[in-house]
Each structure stands twice: as C-alpha cells, then as structure tokens.
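These are the residues of each chain, in order.
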Amino acid sequence: MSTAPIAAPASADLLRRAPKVELHCHLEGSVPAEVAVRLARRHGVALPTADAGELYRYEDLEGFLAVYTAVSRALATPADLAEVTHACLVASAAEGLRYREMSFNPTNHPSMTYRQVLDGVLDGVRSARAETGVDCRLVVAVNREQPPSVALDLVRAALEHRAEEVVAVGLDHDELVGPPAAFAEAFALAARGGLHRTAHAGERGDAAEVAAALDALGAQRIDHGYAVLADPGLLARCRTDGVHFATCWSTQLFHGGDGSAIAGMLEAGLAVSVNPDDPPMFGTSTGEELARAGTALGWTPGQAQQGVLAAVAAAFCDEGDRAALAAEVRRGFAELLAPPAVGWTAGSGTCASAGSGAGPGPGTG
Ligand code: ADE
Ligand code: ZN
C-alpha cells in the first residue's frame with residue numbers, strides 16, 4: 001500500500017459509509033445476542049447465560065468458542081438460518097457491504113442435515129440479495145475440533161448438494177486442537193471438486209500453523225495469520241506467492257493485540273484485508289470494523305480503497321465478477337469523495353459550482 005503524503009486521513013464517518021468487501025465473516029458469529037437468546041429459548045437449547053447483555057462476554061478464545069458453539073445449536077431449523085442470514089446481510093448492506101464470502105459451520109447444527117442447513121442459508125442469502133443487491137458467496141467451514149471423518153463427510157455432502165453460491169471450504173475453531181494436516185484428505189477432495197480453500201491459522205497458533213495450512217491443505221487464503229510475522233522465510237514466501245490474509249481488527253484486539261500485527265503485515269507488503277469475523281460477538285460491525293482499523297492505521301481514503309480492493313483481488317469469484325466488483329468499489333469511493341453539488345441554477349440546467357470530483361488521491365488502485 002503506497003503512502004499519500006498530501007491526503008488527509010479518512011474520517012471514521014467516511015469509512016463507515018465506504019463500499020466494502022468481506023472475506024472473513026462467520027454466519028454463526030453474526031447472531032445478535034437477543035436473537036440467540038430468543039431462539040435458544042424456543043428450541044430448549046442451553047446457553048451459558050440467558051442474559052443477552054452478558055452472553056457475548058468471554059475471557060479467551062476457548063470461552064468465545066463455547067458460546068459460538070452453543071449459539072450455533074440455537075439455530076436449529078432452516079427458518080432460523082434464513083432469518084439470521086437475511087438479517088445480518090441486510091444490516092451489513094446498510095453499512096456499505098457489496099460482497100461477502102461468509103463461512104457457515106454445517107456440523108454445528110446437529111438437528112439438521114447438510115441439505116437443510118444449506119437451504120436455510122441460501123434462502124437468507126437470496127432474499128437479502130433481492131432486497132439490497134448484496135452479493136454473498138459461501139464458505140463451508142470445517143470445525144477442526146471434530147474428527148477428520150466428520151470433515152470428509154461434510155465435504156462429500158457439499159459436493160453432492162452443489163449450489164452456485166458455495167465457493168470454498170474453510171477450517172475454523174481452535175487451531176491448538178485440530179492441526180491442518182488432519183484435514184488434508186477433506187481439503188484435497190474439496191479441491192478436486194472445484195472448491196477453493198481457506199483456513200484459520202496463526203490467530204493464536206504459531207507460524208508453523210500458517211505453513212501447514214498452505215502445505216497440507218493447499219489454502220489459497222489465510223484467515224488471521226498474524227503469526228506469519230515471526231517467520232521471515234514464510235513471510236517472504238507468502239509475499240512472493242501473493243497469499244491473502246483476511247485479518248480481523250476487533251478479534252485481534254480481543255486476543256490482546258494492539259493492531260500492530262496487521263500494521264506489520266501491511267508494511268511487510270503482504271496482501272491484507274480487514275474483516276469483522278463474528279461482528280456482534282466481538283462488538284463490531286461491517287462499518288465499524290473498517291472505521292476502527294482505518295482510523296487506527298491513519299489510512300487516507302485512497303489507502304482504504306486499496307484495502308477493499310485487496311479483498312476484491314482475493315475473492316473466490318470469476319474474473320468478470322471481480323472486475324465488476326472492483327469498478328463498483330471505485331465508483332462508491334469516488335461518489336463519497338466528490339464534493340457536493342451546490343448552487344443549482346434553476347431553469348438553466350447547470351450547476352454553479354459542482355467540483356470535478358476529487359479522486360481518492362495517489363496510491364489508489
Ligand atoms: N470461528 C468463529 N470465529 C473464530 C475465530 N476467531 N477463530 C477460530 N474459529 C472461529
Ligand atoms: Zn474467523
């Protein structure tokens with residue numbers, strides 16, 4: 001990302017309204033606490049607390065994942081999944097979201113088959129698209145705390161029940177429990193079936209986890225990946241190979257970071273995007289996440305646009321969709337940055353002092 005010395009940093013307000021592309025957001029992590037409590041009560045699912053104000057408080061990743069797993073169980077029917085999928089996409093579209101690749105964990109919903117889970121999620125994706133235009137593709141996420149045989153069955157189901165929205169497999173949950181190598185067979189099957197691959201690694205595991213995700217799983221993107229900074233050789237490899245890191249500002253702070261890992265990854269020349277991960281569970285949102293990261297890192301509008309375009313470049317879509325999305329992002333930033341038209345001269349059909357439309361400055365892609 002280049003620097004633009006004469007451009008002022010983008011305001012939080014501009015970043016909240018800017019067009020956005022997300023590569024790392026979990027459906028089950030996108031359930032508002034009140035909705036989780038309501039659905040858990042309806043289905044008789046136990047949550048750590050029935051107090052919505054307390055539910056999303058945890059000390060560490062294990063505590064978070066325990067709540068995440070319980071909330072997943074509270075999404076017990078296709079209608080529940082359709083409701084939360086639609087709601088989170090519509091809310092994010094109002095904060096500038098144009099395109100998201102959203103993970104979902106089918107095996108975290110034991111009351112449903114893969115087909116039922118998929119149908120519910122697709123219902124929400126398609127109704128949100130019809131309502132707002134937001135484009136959501138799906139990542140079938142393997143819960144690495146479950147046995148590799150479960151992952152293999154999941155990939156088989158994903159290949160049997162194809163949907164055009166499903167573009168990839170992912171690997172999530174606790175990387176200190178399920179090493180990437182255990183899921184090599186499932187990921188190889190997914191690759192043969194034409195699905196892309198992404199994996200959580202180096203979030204709190206070390207750089208070897210990132211290398212294992214690349215080598216054993218053929219991961220094309222890494223979710224989080226902060227530990228890559230600890231291994232200069234791996235870092236150089238990732239830079240050369242253009243491995244994309246779908247980082248999460250608020251989650252990184254939750255883990256005790258201060259954002260310097262993400263800043264360091266950008267300075268090292270890695271391909272990096274900023275994503276909300278599990279927005280309500282980490283107290284963030286689509287708009288808030290870019291505003292927090294961008295203001296903390298002092299991004300100019302041009303640099304913010306570069307960040308969004310980095311996500312476009314790494315999206316698991318075809319080149320036609322990618323070009324259209326990049327153009328939409330550029331147009332959205334240009335509209336935000338254009339000075340407002342003032343002094344409309346009635347009857348003349350001309351505008352007295354509309355600027356020529358300030359571009360986002362040097363350094364924009
Ligand atoms: N599932 C949802 N969010 C996650 C995270 N931050 N790390 C691992 N697994 C997750
Ligand atoms: Zn995640």
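Coordinates for the structure precede this section.
If you're wondering where the values come from, they're calculated on a predicted model, not measured in any experiment.

Draft legend 1. Region of the structure containing the overall build of the chain. For the chain, the helix and strand inventory stands at 15 helices and 10 strands. Taking 2.2 N^0.38 as the reference for a compact globule, 365 residues should give roughly 21 Å; the C-alpha atoms of the chain span a radius of gyration of 21 Å, in line with that estimate. Expressed as lengths along the three principal axes of its C-alpha atoms, the size of the chain is roughly 70 × 50 × 40 Å. Burial analysis of the chain (365 residues in total) assigns 54% to the buried set. Considering only contacts within the chain whose residues lie at least 6 apart along the sequence, 74% involve residues at least 24 apart. In the chain, which carries 27 positive and 44 negative side-chain charges, the distance between the mean positions of the two groups comes to 5 Å.

Draft legend 2. Spatial organisation of the site of ligand 1. Taken together, the neighbourhood of ligand 1 is formed by H26, F64, L65, Y68, D172, H173, H200, E203, H224, T251, D277 and D278. Contacts to ligand 1 include H26, whose side-chain N or O atom sits 3.4 Å from a nitrogen atom. The side chain of E203 places a nitrogen or oxygen atom 2.7 Å from a nitrogen atom of ligand 1. Starting from 260 Å² of accessible surface for ligand 1 in isolation, the protein chains cover 100%.

Draft legend 3. Spotlight on the pattern of salt bridges. Evaluation of the coordinates by the stated rule reveals 20 salt bridges. A salt bridge links R137 to D135, with the nearest nitrogen and oxygen atoms 2.8 Å apart. Under the relative-accessibility criterion, R137 is labelled buried at 12%. Through salt bridges that share partners, R16, E288 and R292 make up one connected network.

Draft legend 4. View of the coordination of the zinc ion (ligand 2). Protein-derived ligands of the zinc ion (ligand 2) are H24 (NE2), H26 (NE2), H200 (NE2) and D277 (OD), with the metal-ligand distances lying across 2.1 to 2.2 Å. Each of the 4 donor atoms around the zinc ion (ligand 2) contributes to a set of angles spanning 83 to 174°, which defines the coordination as irregular.

Draft legend 5. Up close: helix α9 (residues 207-217). Within α9, burial applies to A207, E209, V210, A211, A213, L214 and L217. On its buried face, α9 is in contact with β4 (166-172), α8 (184-192), β5 (196-201), β6 (221-224), α10 (232-241) and β7 (244-247). A positive phi of about 65° marks G218, the residue just after α9.

Draft legend 6. Structural detail: the packing of aromatic side chains. Overall, the coordinates contain 7 aromatic pairs when judged by the stated rule. A centroid spacing of 5.4 Å and a plane angle of 75° characterise the contact between Y58 and F64, whose relative ring orientation is edge-to-face. Assessed through its relative accessible area of 14%, Y58 is described here as buried. When its relative accessible area of 4% is taken as the criterion, F64 is described as buried. The residue whose ring lies beneath R221 is F316, and the NZ or CZ to ring-centre distance is 3.9 Å.

Draft legend 7. Quick peek at helix α12 (residues 260-267). The buried count for α12 comes to 6 of 8 residues, which makes it a mostly enclosed element. For α12, the full list of buried residues reads A261, I262, A263, G264, M265 and L266. Where α12 ends, the next residue or the one after it, G269, has phi of about 85°, a positive value.

Draft legend 8. Spatial organisation of the pairing of β7. Covered by surrounding structure in β7 are H244 and A246 together with F245 and T247, the residues of both alternating faces. In this view, the connection linking β6 to its parallel neighbour β7 by way of α10 has right-handed handedness. For β7 and strand β8 (residues 271-274), the ladder comprises 4 bridges, and the chain directions are parallel. From the neighbouring strand, T247 faces β8, where its bridge partner is V274.

Draft legend 9. Summary view of the environment of A12. Mapped onto the elements, A12 comes out in helix α1 (residues 12-17). As for A12 and F282, which are separated by 270 residues in sequence, their C-alpha atoms are 19 Å apart. Leaving out residues up to four positions away in the same chain, A12 has contacts with A291 and T295.

Draft legend 10. The state of the cysteines, seen in detail. Counted by the stated rule, this structure contains 0 disulfides. Considering cysteine sulfurs only, C88 is the nearest to C25, which forms no disulfide, with 6.1 Å between them. Here C25 falls in the buried class, since its relative accessible area comes to 0%.

Draft legend 11. Geometry of the environment of A236. Tracing the backbone through its elements, the reader meets A236 in helix α10. Along the backbone, A236 and R204 are 32 residues apart, and their C-alpha atoms lie at a distance of 20 Å.

Draft legend 12. Up close: the packing of helix α5 (residues 78-93) against helix α6 (residues 114-132). Orientation of α5 relative to α6, taken along the N-to-C sense of each, is 30°, at an axis distance of 7 Å. Considering the angle they form, α5 stands roughly parallel to α6. As α5 packs across α6, the resulting crossing turns out to be right-handed. Only Q116, V117, G120, V121, D123, G124, V125, S127, A128, E131 and T132 of α6 make contact with α5, whose side of the interface consists of P78, L81, A82, T85, H86, L89, V90 and A93. Each residue belonging to the contact of α5 with α6 can be placed in one class, and the counts come to 10 nonpolar, 7 polar and 2 charged.

Draft legend 13. Geometry of the side chain of T198. You can see T198 is positioned in strand β5. Looking at T198, its side chain comes within polar contact range of the main-chain oxygen of R221, at 3.3 Å. Setting aside its immediate chain neighbours within four residues, T198 contacts V139, V169, G170, L171, F187, A219, R221, I222, D223 and F316.

Conventions adopted
Residues numbered from 1 in each chain as written. Chains lettered and ligands numbered in written order. Predicted model: local features only at pLDDT ≥ 70, side-chain atom pairs only at ≥ 80, totals over all residues. Heavy atoms only, no water. Helix = DSSP H or I, 4+ residues; strand = E, 2+ residues; numbered from the N terminus. Rg over C-alpha atoms; globule rule 2.2 N^0.38 Å. Buried < 20%, exposed > 50% of the residue type's maximum accessible area, 1.4 Å probe, protein only. Contact = heavy atoms within 4.5 Å. Lys, Arg positive; Asp, Glu negative; His and termini not counted. Charge placed at Lys NZ, Arg CZ, Asp CG, Glu CD. Near = heavy atom within 4 Å. Polar contact = N/O pair within 3.5 Å; in protein donor to acceptor, adjacent residues only side chain to side chain. Areas by Shrake-Rupley, 256 points an atom, 1.4 Å probe, with all protein chains shown as cover. Salt bridge = Lys/Arg side-chain N within 4 Å of Asp/Glu carboxyl O. Donors = N, O, S within 2.8 Å, 3.2 Å for Na, K, Ca; no water. Tetrahedral: all angles 85-135°; square planar, octahedral: opposite > 155°, others 65-115°. Phe/Tyr/Trp six-rings, centres within 6.5 Å; stacked < 30°, edge-to-face > 60°. Lys NZ or Arg CZ within 6 Å of the ring centre and 35° of its normal. Right-handed = clockwise from strand over helix to strand, strands pointing away. Pairing = 2+ DSSP bridges. Disulfide = S-S within 2.5 Å. Axes fitted to C-alpha atoms, helices over the stretch in contact; angles between N-to-C directions. Parallel < 35°, antiparallel > 145°, perpendicular 65-115°, else oblique. Left-handed = near helix turned anticlockwise from the far one by under 90°. Nonpolar A, V, L, I, M, F, W, Y, C, P; charged D, E, K, R; others polar.

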